[in-house]
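Close look at the chain arrangement
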Protein chains: 2
Amino acid sequence: MTRSIRLGRLRIGGGAPVAVQTMTTADTRDVAAALAQVRAVHALGAEIVRLAVPDEKAAAALGEIVAEAPVPLVADIHFDWRLALGALKAGVAGLRINPGNIGGPERTRRVAEAAGAAGAAIRVGANSGSLGKKLLAAHGGRPTAAALVESALAQVRLLEETGFRNIKVSLKSSNVLETVAAARLWARTSDYPQHLGVTEAGDILSGTVKSSVGLGILLAEGLGDTIRVSLTAPPEEEVRAAWEILRAAGRRSRGVEIISCPTCGRCEGPLFELAAEVKKRLAHIDKPLKVAVMGCVVNGPGEAREADLGLALGRGDGLIFARGRPLGRAGYDQLAAALEKEALKLAE
Amino acid sequence: MTRSIRLGRLRIGGGAPVAVQTMTTADTRDVAAALAQVRAVHALGAEIVRLAVPDEKAAAALGEIVAEAPVPLVADIHFDWRLALGALKAGVAGLRINPGNIGGPERTRRVAEAAGAAGAAIRVGANSGSLGKKLLAAHGGRPTAAALVESALAQVRLLEETGFRNIKVSLKSSNVLETVAAARLWARTSDYPQHLGVTEAGDILSGTVKSSVGLGILLAEGLGDTIRVSLTAPPEEEVRAAWEILRAAGRRSRGVEIISCPTCGRCEGPLFELAAEVKKRLAHIDKPLKVAVMGCVVNGPGEAREADLGLALGRGDGLIFARGRPLGRAGYDQLAAALEKEALKLAE
């Protein structure tokens, strides 16, 4: 069990629900674009949004963005400690900084004091790609789990020395198993809450897989207080994937879960199309329903007995069923609508 | 460690590499279409391909497909034991049957004898959706891990009673954590090799996530002898995802691994497009290279120090680097080609 910290109106750690994060790709200096993206990802379930703050103009833009944003915002800052002060002044709920590149202990102390006064959280952390040369050398030249933990601990100590304790930590590697090992080691070492992520995970397929494997292993073990699925893709995709991972790992659910068979030579109808239509039609329901879309009438309803609701394709038409029992039949073009009607009844 | 069994010219279990499976969606009766799909998935790394055999015409078509297929084929048969005999006669390397629905112990015995004579393997298994009513009742009405294992064990015993032992087993649930629990329990119960899969996993996003979490957990623990990622999507996608999962879980690698940053407000070039172009250009290289595509020149090369090769975007042009060290610069439209050139040199 990690300790509980505060990020805006959210609690992180200490048994609070795992919070879903993402990061905008819009230019933070473009207030309208950044805000539109913050709202879009919030609508999909993002609970914390991080924004890059590369210069003073971006730090200044944060004020307007914070005022309108429906979720706590975190400013991501490198190299320039004054940008961190600017972001705090703009009212961000948290900072992501690296004390190692913010200009030394004295400047770190000043940022921590300002964050403490503002009630903001600070995330520090280690990334397999940015460990110091000395630390790397001490760990055989490789960014091992122990090296990541040692780097994060040193950063935590720098903050603690200033009296600051509203801290979360991340230990990220682009290697999935190294990320897993580092997070486990952290959990044995410290009770500061962990932000989980696989860094530079890649495009939508390999990034989703790497994050699912790494975060899935850790979340299923009960580790992780916030997560981000890092993808070379729009942040909306990161949020969708994050929720799928949380559900698969048994940690949190949101909206309709669609289970659908992969189809085989026995399937005689347009299953892929119907599954997509069902997903679209039920996307607005946020009650946790389990809905099956199955390719054959013979096995389908039985195989999807655990589903609250489902459809199974026959030749020319299909069957709507609930918990394995038939409710009625409809033609292919009516099936998804009929299922939606039943889902709305259930959701009420 | 599982025991080793034979599937065509493949060894499964006993420490052999985890084999990647998929299942055709083409109609098995359409020989040309089925063969085209078998070849397409083989080109992407499928090592075992399963085909549904719903009727005698499909069983008859198998002969021609087997003769031309570049991988061992498995016939997936339900209800009609004679189709299993037909598939064996056609020369398939394995059968996927469910002794519970193939017509009783006597017919199961005849199928097992024919498989034994043909040197074919049989996969039996339990699926959360198709457990018997009695068994379910004995497990509190739910398809628990223990219920799945008990069902699979009963099927294995039916085969063993005929002297047949060239068996692999699957225990599939549409619930990820139940699949994980069942596979772990099997590994403590029996040494027959396991085929891993999350059943009815869903569309490309949720299916990939559920399979990545479930299979990732098990593969990282050293479990699993063959895998299938079951998606409501073309089988090519299943094979791509399977290889990504194997790599993320540290079990097997194939081709170029692209790590790329998610971009942020600091990124000043067309990173998503470049990552996609790099992926396409390097798709034909099957040497295991690690290639980074990074959004900024300042952090990029250092953060991707572990990469064999990479590019990092600056304003208007980008940097090619190898293991963190710069090799040269090129304009955006030349970058991917320049990287490909270096990759080809390295691959040689």
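So, here is what we can say about the structure in this document. What you see is a predicted model; the values in this text were computed from it and never measured. (Residues numbered from 1 in each chain as written. Chains lettered and ligands numbered in written order. Predicted model: local features only at pLDDT ≥ 70, side-chain atom pairs only at ≥ 80, totals over all residues. Heavy atoms only, no water.)

**Observations concerning the pairing of strand E12 (residues 290–294) of chain A**
Residues and elements named next belong to chain A.
- Among the five residues in E12, five count as buried, and that is most of the element.
- Of the two faces of E12, both are covered, the one formed by Lys-290, Ala-292 and Met-294 as well as the one formed by Val-291 and Val-293.
- Across four bridges, the pairing between strand E11 (residues 257–260) and E12 is parallel. Each residue of the ladder has a partner; that of Ile-258, found in E12, is Val-291.
- With four bridges joining them, E12 and strand E13 (residues 309–313) adopt parallel strand pairing. Counterpart to Ala-292 in the pairing with E13 is Gly-310. (Buried < 20%, exposed > 50% of the residue type's maximum accessible area, 1.4 Å probe, protein only. Helix = DSSP H or I, 4+ residues; strand = E, 2+ residues; numbered from the N terminus. Pairing = 2+ DSSP bridges.)

**Let's talk about the sheet that holds strand E8 (residues 167–172) of chain B**
Residues and elements named next belong to chain B.
- The parallel closed barrel is built from eight strands, whose spatial order is E3-E4-E5-E6-E7-E8-E9-E10. Taking each pair of neighbouring strands and ignoring which way they run, the sheet shows an average axis angle of 25°.
- Of the strand pairs in this sheet, strand E7 (residues 121–127) and E8 are connected by six bridges, and their pairing is parallel. Within E8, the position partnered with Gly-125 by the bridge is Ser-170. (Axes fitted to C-alpha atoms, helices over the stretch in contact; angles between N-to-C directions.)

**Some remarks on the sheet that holds strand E7 (residues 121–127) of chain A**
All names here are of chain A.
- With parallel pairing, eight strands are arranged side by side around a closed barrel as E3-E4-E5-E6-E7-E8-E9-E10. Adjacent strand axes in the sheet meet at a mean angle of 25°, parallel and antiparallel pairs treated alike.
- Strand direction decides the pairing type here: strand E3 (residues 19–23) and strand E10 (residues 226–228), joined by three bridges, are parallel. Paired with Ala-19 across the bridge in E10 is Thr-226.

**Notes on helix H1 (residues 31–43) of chain B**
Residue and element names in this part refer to chain B.
- Between the first and last C-alpha of H1 there are 18 Å, a value that for 13 residues agrees with the 18 Å anticipated at 1.5 Å per step.
- The complete set of buried residues in H1 reads Val-31, Ala-34, Leu-35, Gln-37, Val-38 and Val-41. Angular distribution of buried residues about the axis of H1 spans 160°; they occupy a single face of the element. Every exposed residue of H1 that faces more than 90 degrees away from the buried side is listed here: Ala-32 and Ala-43.
- Those residues of H1 that are buried lie in contact with strand E3 (19–23), strand E4 (48–52), helix H2 (56–68), strand E5 (73–76) and helix H9 (235–248).
- Backbone geometry just downstream of H1 places Gly-45 in the positive-phi region, at approximately 115°. (Expected span 1.5 Å × (residues − 1). Arc of directions from axis to C-beta. Contact = heavy atoms within 4.5 Å.)

**Describing helix H3 (residues 81–89) of chain A**
All names here are of chain A.
- If you check which residues of H3 are buried, you get Trp-81, Leu-83, Ala-84, Ala-87 and Leu-88. Viewed along the axis of H3, the buried residues span an arc of 150°, placing them on a single side of the element. Away from its buried face, by an angle of more than 90 degrees, H3 presents the exposed residues Arg-82 and Lys-89.
- Buried-residue contacts for H3 involve helix H2 (56–68), strand E5 (73–76), strand E6 (94–96) and helix H4 (105–118).
- The opening residue of H3, the one whose side-chain oxygen lies 3.0 Å from the backbone nitrogen of Arg-82, is Asp-80. (Polar contact = N/O pair within 3.5 Å; in protein donor to acceptor, adjacent residues only side chain to side chain.)

**Quick look at the relation of the copies chain B and chain A**
- Here chain B sits on chain A after a turn of 180° about the axis and a move of 0.0 Å along it, with an RMSD of 0.0 Å. Such a turn and shift between the copies fits a two-fold axis. (Least-squares fit on C-alpha atoms with pLDDT ≥ 70 in both.)

**Some details on the packing of aromatic side chains**
All names here are of chain A.
- Within this structure, the stated rule accounts for zero aromatic pairs over all chains.
- A cation over a ring is seen here: Arg-3 above Tyr-192, with NZ or CZ 3.9 Å from the ring centre.
- Positioned over the ring face of Trp-243 is Arg-254, at 5.8 Å from the centre of the ring. (Phe/Tyr/Trp six-rings, centres within 6.5 Å; stacked < 30°, edge-to-face > 60°. Lys NZ or Arg CZ within 6 Å of the ring centre and 35° of its normal.)

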